Every structure is written in C-alpha cells, then in structure tokens.
Number of protein chains: 2
Amino acid sequence: MATIQDVAKLAGLSRTTVSRVINEHPYVTEEKKRLVSKAMQQLNYVPNSSARRLRRQQTETIAVYVPRITNPFFSHLVEVMEKEAAKKGYQLILCQTRYKKEQERNFLELLKTKQVDGLILTSIENDWSEIEPYLAYGPIVVCNEYSDSAQVPLVFLDQIEGGYIGTKHLIEKGYTKLGYCTGDHKSSRVAHDRRIGFLKAVNEAGLQMKDEWFFGGAYSVQDGKNTFEALKQLSDPPQALFTGSDEVAAGIVKAASDAGWKVPEDLAVIGFDNQPLAELMELTTVEQPIETIARQAMELMIESIRSKRTSVRKEVILPLNLIQRSST
Amino acid sequence: MATIQDVAKLAGLSRTTVSRVINEHPYVTEEKKRLVSKAMQQLNYVPNSSARRLRRQQTETIAVYVPRITNPFFSHLVEVMEKEAAKKGYQLILCQTRYKKEQERNFLELLKTKQVDGLILTSIENDWSEIEPYLAYGPIVVCNEYSDSAQVPLVFLDQIEGGYIGTKHLIEKGYTKLGYCTGDHKSSRVAHDRRIGFLKAVNEAGLQMKDEWFFGGAYSVQDGKNTFEALKQLSDPPQALFTGSDEVAAGIVKAASDAGWKVPEDLAVIGFDNQPLAELMELTTVEQPIETIARQAMELMIESIRSKRTSVRKEVILPLNLIQRSST
DNA sequence: CGAAATCATGAAATCGTTTTCATACTCAGA
DNA sequence: TCTGAGTATGAAAACGATTTCATGATTTCG
C-alpha cells in the first residue's frame, strides 16, 4: 500500500505539500498540484482513513440506534438517514438494541472510544441519566422518542395529536364504543402520549369506556389476530378499535374477515404509520412523516458535529395526519 | 480525554505495561495489573480506537451492501448479520446501493481507504471485473447473489430449485395454464435461475406457455395490482401465477379479490420469500432461509478477515422449501 | 554452580496522516 | 531601497495507541 510518503518521494515534494493538495489547501502552485495528482494516480494512492481519523480527531461516522431493523418503521427511518448522511460524506453504523437496556449501554461505548462522531437514538431504553454522561464525548440527537430531561436536540411527532385525530375520526364516523389496542412499551413516551390523545378525544365526546376495551402488548400481525380472538369473546365488544401500528390493525382486520365479520360495519379499525401494508389492507391510518423526521434528525446531528457547540435542548415537533381508507 | 500516557503516569508505570494490561498480554504481575486498572478507572480511560486501528491495521468493522434497507428481505438479512457481527466484536456499516452501479462503486472505496476490514455484498450491480481489483485491499463475501467469475466465498440459495419446486407445486395442484411474473432485474443471477427452474418444471410436465403469460418488471405491491389488471384483459388468462416476491403476490391477490375473483379457484398465486406479509395474506410461498445465509456469510467474512489467506472461491448452496397456504 | 530458559518491564520505533512553525521568495507601496 | 503582506514550501511535532528490542531478574536444569 502506497503512503503519502511514497507519493511525496515520487513527486519530488514533501509530505506536507501532498497533504495540502489532498485537502485542497490554498497556496499550492498548479504545477505541484499536477505533479502530486500524477504521482497519486501512478501509485493508486488513497489516504489511510485511520491515520486521518487519529490526527483529525473525527471519524465522519454516525451511529444510529434502532430496536430492530426489520421493523418497517425503523428501516424506513434508517433508509432516509443513510441517504442523507452519505450525501454529506458521513457513514452510518447500525446498532440494534433489541429493546434491551444492556445492548443500548454497550453501544454507547462507540462514542466514548471515538469510533463515531455522534449518536442518533430512535428509541430510548435506559433512563436518560445513564445516557447523559456520554454527551461529554460527542453530540447525541433523539429522533422519534422523547425525554423530559435530555439537553439535546429532539425531533419527534406530536403523538398526543396523533392519538387525538385518529380517535376523533372514529367518533366522527359515528362509533361510540371505542377500543384501544397498543404495545404499551413501559418506558416509551410515544405510547404514553398516544393514549393521552385517545382519552382526550373520548372525554371530549363524553363517551363511556370499559376496562375490557383496552388491549395491551400488541406489536405484531399475530398479536392483532390474538386481539381479535379476545375481542370476539366479549359480550359487549367495541365497535371500533384504535391501534398502535398497521401490523396490529392488519392482523385484526384479517382475523375479523376470516371470522366472517365485515370491516368496518361489524368492526372498524384504524392503524398507525401508513406502511405499505396499510395500503394493501386498505387501512385508515395515522401517517407519520418519517422522511421528514429522519432528515431533520440527521441535519441536526451533522450541524452539532460541525459546530462543536455544547449540546442544548431543542424540540422539533412535527404534525401527523390522517389517511382515510376503507377500514373505518 | 485521558490517554494511555496519563494512565501510565498515574500508575507509575510505562505505556507499554498499560498496553499489556489492556490487551491481556501475559507477563504482567498481578500487582501492576491492579495498579493499572485502578488508574484507568480513576481517569475514566478507554483506548482511542482510531489510534488502535492505525497501529493494528484493522478496523473491526464490516461493510454490508444492500440495495435498500426497506426491502424486508434485506432488512432481515442485515438484522441477522448485525447480531452475528456484534457477537464477535465487529460493527456494521450500512451501504445502500439503491440498485445503482455508481453508488456501489463509491462504497468500494471504504475498503481501499481502510475504513472497513471487509465487504459483504447482498446484491451485485457492477460487472465483477469492476469489483475484483478491490480484493487486494481486503476480503469480500457474496451473499444471496451469484457470480461465475468471482474468486470469493459465495453463499446463496438454489434458485433453480426454488423456481422448480414452486412451479411443480402449481402443476401438482392441477393447474395447466401457468403465468410467470417477476422483476427480471437484468444482471441478477437470482432472477435468471428462477426462470430456468420454472421452465424446467413446465417442460417436464409438457405444458404449453403463451408469451402473454410472462409479466415483467414487477417488484412492489402496486406492481402486483397492475399485473392483475393486465391479466384480467387477456382473453385466455393463466390459471395460476408464479411470482418473484410476496409483495407482488400480495398485490395480485388483493386486486383479484377486489375484482371479485376467488383465490385460488379463479386464480392461484404463489409468492417467494415467506415474509410476514405472506402469512397475513395466506400466500403459498417459497421460503428462503434468510437467517442461515446471513449467519453463514458473516462467519465466512470473519474467518476471511482473521485468517488473512488470499481469497478463494467457495460455494455454499442452501436449499429452499415450499410453504403451502391457501393461495394455491 | 553456571548456562539456558522464562518472566517482567521500559525505551523507542512505528502506524500514516495533518498541523504548526520556520523559512524564503515575490511584489506592492512609501 | 526598504518594509510588510501575501504566497509557497518543507522539517518536525503531534495524534494515541501497539510492537519490537533491549535489559534485568528469576527460575530451571544438567
């Protein structure tokens, strides 16, 4: 492998000048530039990035935390982030926390050991106090999740509003017996807020709720199917169901159709996300502007890296909107 | 930030000894080990990975190429690879080629500039001769795709067999007028082989084909819907359709149902992949053992990195199997 | 008991860049 | 003609680790 020294020798110049050419420093004559370029080509030279990283104290790499990349919501987020990062000369390291506190903590070392310039969290497993100390080693941006105490940029969606407009829609459609079915991930602010939005709409309309109309722990298509089986057993089932994801909604619709129920006549269902699957199943759903939050988060990240200012809290809240199809 | 020098000073020892403790070198007395550990803790020291990379000439990072991470097949592949890599102390850099030759070539520089120890390709856009020279800079493993001339480990599925068993199944079910609907991605060996398998089964059974029963360029759910619309116009449509992906199959089934066709009575459809969506839509499909190929590819990669032998061709061919549901 | 092998440590070289500092040359303005 | 600003270059320091080499001390063994 050719080094900068080899190039310098072949061009009859110093390492310094070669480095200047590479980094487009002014004060290099055209003639030397040509000489250097020629030598670099002849030797098929490229700068060694480990050396460059060491000297420059930056890696041009960003770590992105997701629970699991197979979740379409997160893979979409990552797709956009990678594209945006590549555009600005950054690479992405993928970290799957698998919803585990410990996994998340392990990956935090990446920042400390200077393997990445910054961290984007799309989910938060640990208490913020566990994460906070790592801010000393580089910027952190939170995307999609929310934390009260985090002194960092936060890009997230107005989930209260999301819960509210979805529920409002059901109410306007004339349903009065509403069920609620989500993943209720303990620490997640997202789930918490949606529930508030749901209850707000319900209370405004003066509707009655029953405890048995709350279904929890639902994440997958299969969970949706199970939820329907449970619902079917009720003597007084809800007429409409608010769900926390399109997968769950799809599972419910499928199971209901298979059982001979008509959607939305016998049971209306509203999803969340507007995934490709929602279109396939013709689900009414609350669309999350994934591209926008991903892009915003990445922009804030790169800005934080470049400016080197100390991290400050900054909230970017984006709206959600309803997409009406035939499941309600 | 504390450096190894600071630790050495605090512990009253040399950098060398500290380094030995970090790297678990023998020939360090227990006493000094304690001293060093204590100093490291006091200073909250962690080794700087850029420096370590430079000296060791390795990065403990692997680049994975996928066309798009939102494609569930690839996100599943990446999920397993990341998990496997993390287990062995490696990180993953995600590279989305977006089916573009140029993007793919750009990312190849990662290997040359020593930002990664190796490359795993899950799709190949460029001619192998474009990629081959980069073997000089580190190992490459091909996963899922196939190339005749590549002198590297290749982990892939027997797509001829896949096309064959899917088609055979349709024939055994009694269908005699078979359609073929895939993405026909020009350079892809995968698509090519499946077609061969399809034709083999058709010929063995002595069935007649019509040109109009071949549908191309279908990748998405929407493409599937469009395909059905086209098929509907035919005066003599096929009874059953072999498709290249579950998305396409799902689109066809959906459009058919909406048009009042019964599946499989009026039109049978078989998918490919066994994605979650296939279960939801109850698609018969050809399952690809994604976890296995991902794990195998990652193992071969890490082995190649560690052994430092020159790359040799090695084919690992895994079988596919049929999952029967109610769409056929 | 003396030589060889093993254990324990540190000084200095090394990895391949970028950056700082010093030096020299050119040219415009007083 | 002298001064100071701008231009162009290179020597050497720095980034922070690991590895080689050298040197003692200690143990083993014939």
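To be clear, the structure that these remarks concern was listed above.
Along every chain, residues carry numbers that run from 1 in the direction the sequence is written. Chain labels run from A onward and ligand labels from 1 onward, assigned in the order the entries are written. Local features are withheld for residues below a pLDDT of 70 in this predicted model, meaning they are given only at 70 or higher, and side-chain atom pairs are given and counted only at 80 or more; totals for whole chains, interfaces and linings count all residues. Each side-chain value is derived from all of the structure's non-hydrogen atoms; neither hydrogens nor water enter the calculation.

(A) Representation of the protein's contact with DNA strand C. Any residue with a heavy atom lying within 4 Å of a molecule or strand is counted as near it. Taken together, 28 residues surround DNA strand C, and among them I4(A), R55(A), T17(B), Y27(B) and R55(B) come closest. Polar contacts here mean pairs of N or O atoms no more than 3.5 Å apart (in protein, one a potential hydrogen donor and the other a potential acceptor; neighbouring residues in sequence count only if both atoms are side-chain atoms). Contact between DNA strand C and R20(B): a base oxygen at 2.9 Å from a side-chain N or O atom of the residue. At a separation of 2.4 Å, a base oxygen of DNA strand C approaches a polar side-chain atom of R55(B). In DSSP terms, a helix is any run of H or I states spanning at least four residues, a strand is any run of E spanning at least two, and both are numbered starting from the N terminus. Counting residues per element, the ones that place at least two in the surface near DNA strand C are α2 (15-22) and α4 (49-56) of chain A together with α2 (15-22) and α4 (49-56) of chain B. Broken down by class, the residue content of the surface near DNA strand C amounts to nine nonpolar, 10 polar and nine charged. Any residue outside Ala, Val, Leu, Ile, Met, Phe, Trp, Tyr, Cys, Pro, Asp, Glu, Lys and Arg is labelled polar, Gly included; the first ten of those are nonpolar and the last four are charged.

(B) Fine view of the relation of the copies chain A and chain B. Least-squares fitting of chain A to chain B yields an RMSD of 0.1 Å, with the superposition described by an axial translation of 0.0 Å and a rotation of 180 degrees. The operation mapping one copy onto its partner corresponds to a two-fold rotation axis. Residue I93(A) of chain A places its C-alpha closer to the rotation axis than any other residue of that unit, at 2.3 Å. We call two residues in contact when some of their heavy atoms are within 4.5 Å. When you check the interface residues of chain A against chain B, 100% turn up at the interface there too, and the contact is symmetric in its surfaces. When the copies are superposed, the least-squares fit takes in the C-alpha atoms of residues with a pLDDT of at least 70 in both.

(C) Focus on the pairing of strand β8 (residues 240-243) of chain B. Residue and element names in this part refer to chain B. Side chains A240 and F242 project from β8 onto one buried face, and the interleaved L241 and T243 project onto a second face that is buried too. DSSP calls a pair of strands paired once it identifies at least 2 bridges connecting them. As paired strands, β8 and strand β9 (residues 268-273) are joined by three bridges and run parallel to one another. Bridging from a neighbouring strand, A240 pairs with A268 of β9. Seen with its strands pointing away from the viewer, a crossover is right-handed if its path from the first strand over the helix to the second goes clockwise. Between β8 and its parallel partner β9, the chain crosses via helix α11 (residues 246-258), and the hand of that crossover is right-handed. Each residue is placed in one exposure class: buried if its accessible area under a 1.4 Å probe, protein chains only, is under 20% of its type's maximum, exposed if it is over 50%, and partly exposed if it falls in between.

(D) Representation of the protein's contact with DNA strand D. Lining the immediate surroundings of DNA strand D are 28 residues, of which T17(A), K32(A), I4(B), S19(B) and N48(B) lie closest. Protein-adjacent atoms of DNA strand D, using a 4 Å cutoff, are sugar or phosphate at a proportion of 59%. Residue S14(A) places a side-chain N or O atom 3.0 Å away from a phosphate oxygen belonging to DNA strand D. In the environment of DNA strand D, a phosphate oxygen lies 2.7 Å from a nitrogen or oxygen atom belonging to the backbone of N48(B). Residue assignment for the surface near DNA strand D shows that the elements contributing at least two residues are α2 and α4 of chain A together with α2 and α4 of chain B.

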